[in-house]
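# Observations on the three-dimensional arrangement
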Amino acid sequence: QITVSLPATAGPGDILVKTSGSGNASLSNAFPFTPGTAPVCPSPQNYCFVNPNSASPTGAAININGTQFFSQNNFALEAYNMPANTAGIFFFGGAQTAVPFGNGWMCVSGSIFRLPVIFANIFGTVHYDVDFNTSPANVITAGSTWNFQFWFRDAAAGGSNFNLTDGINVQFCP
């Protein structure tokens, strides 16, 4: 039996227990740990389809930076594999779909909220820091789930002159 006094500020992952002289072979799981439980906040999941665009035969993709923990307010969106310097918008909604739209696929449905127009850099990448305290992102709350996508101009591809990334489904945690 081991008796340990925990600091008042200890949180999940802050405490490890190790037996003396055992190397790392007897390192405990982080405290507190409940075997067989799911993560507190599920990882974001990409979904839907992508079509090639004038800059990438594999199409454009979306990802997140930061975390989806609402209390940290450091969530950011990124899209890549697009034409350099192209204009576009991130948008989000509460539901998913897969409907042909322009030269790509509309993956987000329900009530849709648009973020400001931004421009890709010379590498065809965009980054947007989402502030949960400003409109329209202030509809995002802890415990809510949203779907995000990026819509961009692609005149060089012809057709409808615009395309979209895949979608990403994000559950926001406290």
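A brief report on the enclosed structure follows. (Residues numbered from 1 in each chain as written. Predicted model: local features only at pLDDT ≥ 70, side-chain atom pairs only at ≥ 80, totals over all residues. Heavy atoms only, no water.)

### Describing the packing of aromatic side chains
Using the criterion set out here, one finds 17 aromatic pairs in the structure. With centroids separated by 4.9 Å and ring planes inclined at 15°, the aromatic side chains of F70 and F132 adopt a geometry described as stacked. With a gap of 62 residues between them, F70 in the loop between β2 (61-65) and β3 (76-80) and F132 in the loop between β6 (126-129) and β7 (145-153) connect regions that are remote in the sequence. Overall, the relative accessible area of 4% leaves F132 in the buried class. (Phe/Tyr/Trp six-rings, centres within 6.5 Å; stacked < 30°, edge-to-face > 60°. Helix = DSSP H or I, 4+ residues; strand = E, 2+ residues; numbered from the N terminus. Buried < 20%, exposed > 50% of the residue type's maximum accessible area, 1.4 Å probe, protein only.)

### Comments concerning the state of the cysteines
What the rule picks out here adds up to two disulfides. A sulfur-sulfur separation of 2.0 Å characterises the disulfide bridge that pairs C41 with C173. Disulfide C41 to C173: torsion about the S-S bond roughly 95°, handedness right-handed. Within this pair, whereas C41 is found in the segment before β1 (45-47), its partner C173 is found in the segment after β9 (167-171), the two being separated by 132 residues in sequence. C48 shares a disulfide with C107; S-S distance 2.1 Å. (Disulfide = S-S within 2.5 Å.)

### As for the sheet that holds β2
Read across the sheet, three strands follow the order β2-β3-β6 without closing on themselves; strand pairing throughout is antiparallel. A single partner strand is all that each edge strand has here, and the edge strands are β2 and β6. The mean inter-strand angle of the sheet, taken between neighbouring strand axes irrespective of direction, is 20°. Here β2 runs beside β3; their pairing, made up of five bridges, is antiparallel. Paired with N65 across the strands is A76, a residue of β3. (Pairing = 2+ DSSP bridges. Axes fitted to C-alpha atoms, helices over the stretch in contact; angles between N-to-C directions.)

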